[in-house]
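Chain and residue survey
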Amino acid sequence: MSPENAANKAVIWNSDKEEIAIVDATGKVTAIKAGIATITVTTADGNKTATCAVTVNEPVKSIGTTYQTHVQNVGWQGWKNEGEIAVRVGKPYV
């Protein structure tokens, strides 16, 4: 911890909204859910503090995928959505 010449380098971390973000004893912040929390660090003697606003966003939802396949000597197949089988198995094209 800084400054190097500090007699007591111990600090206490705190989150004002632990339902949104928590902070451990080393200052590592972990998001819990969307919102805004204020993280505060205070010197052990209470003489100095610093704060930081942390914004947690909703996770990005899957946007999905659509695709087409091309079968040699047959051509392009119809559009498929993510997770759907694109080519018939066991049905050879002649």
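Preceding this section is the structure that the text describes.
Described in the following lines is the structure provided in the data block. The model shown is predicted, which means the values in this text are computed figures rather than measured ones. Just so you know, the residues in each chain are numbered from 1, in the order the chain's sequence is written. The model is predicted, so local features are restricted to residues of pLDDT at least 70 and side-chain atom pairs to those at 80 or more, both for listing and for counting; the totals for chains, interfaces and linings are taken over all residues. Think of the side-chain values as coming from all heavy atoms in the structure, minus any hydrogens and water.

In this description a helix means any DSSP run of H or I spanning at least four residues, a strand means any run of E spanning at least two, and both kinds are numbered starting from the N terminus. Counting its secondary structure elements, the protein chain contains zero helices and nine strands. Along the protein chain, helices and strands appear, N-terminal first, in the series β-β-β-β-β-β-β-β-β. Relative accessible area decides the class of each residue, using a 1.4 Å probe on protein chains only: under 20% of the type maximum gives buried, over 50% gives exposed, and in between gives partly exposed. Looking at the protein chain as a whole, 16% of its 94 residues are labelled buried. The contacts of the protein chain with a sequence gap of at least 6 include a subset with a gap of at least 24, amounting to 19%. Only carbon and sulfur atoms are counted for the fraction: they give 54% of the accessible area of the protein chain, which is about 7500 Å². The criterion used for residue contact is that any of the two residues' heavy atoms lie within 4.5 Å. Methods summary: accessible areas were calculated by the Shrake-Rupley approach with a probe of 1.4 Å, and residue burial reflects only the protein chains presented.

Ile-20, Ala-21, Val-23, Ala-37, Ile-39, Val-54 and Val-56 form the largest nonpolar core, which has seven residues in total. Every element with two or more residues in this core is listed here: strand 2 (21-23), strand 4 (35-43) and strand 5 (49-56). We call a set of buried Ala, Val, Leu, Ile, Met, Phe, Trp, Tyr and Cys residues a nonpolar core when their side-chain atoms join them within 4.5 Å.

The next point concerns the sheet that holds strand 5. Between any two strands, at least two bridges found by DSSP are needed for them to pair. Read from one edge of the open sheet, three strands run 1-4-5, paired in antiparallel fashion. Of all strands in the sheet, those with a lone pairing partner are strand 1 (11-15) and strand 5, marking the two edges. Strand after strand, the sheet turns through a mean of 20° between neighbouring axes, direction not considered. When strand 4 meets strand 5, the two strands line up antiparallel, connected through eight bridges. Bridge assignment links Ala-37 to a residue of strand 5, and that residue is Val-54. Axis definition: a line fit to C-alpha positions, over the contact stretch in the case of helices; interaxial angles, taken between N-to-C directions, run 0 to 180 degrees.

We now examine the side chain of Gln-77. Its location among the elements puts Gln-77 in the loop between strand 8 (75-76) and strand 9 (80-81). As used in this structure description, the phrase polar contact means that two N or O atoms lie within 3.5 Å; if the pair is within protein, one of them must be able to donate a hydrogen and the other to accept it, and residues adjacent in sequence are counted only when both atoms belong to side chains. Only 3.0 Å separates the side chain of Gln-77 from the backbone oxygen of Gly-75, close enough to count as a polar contact.

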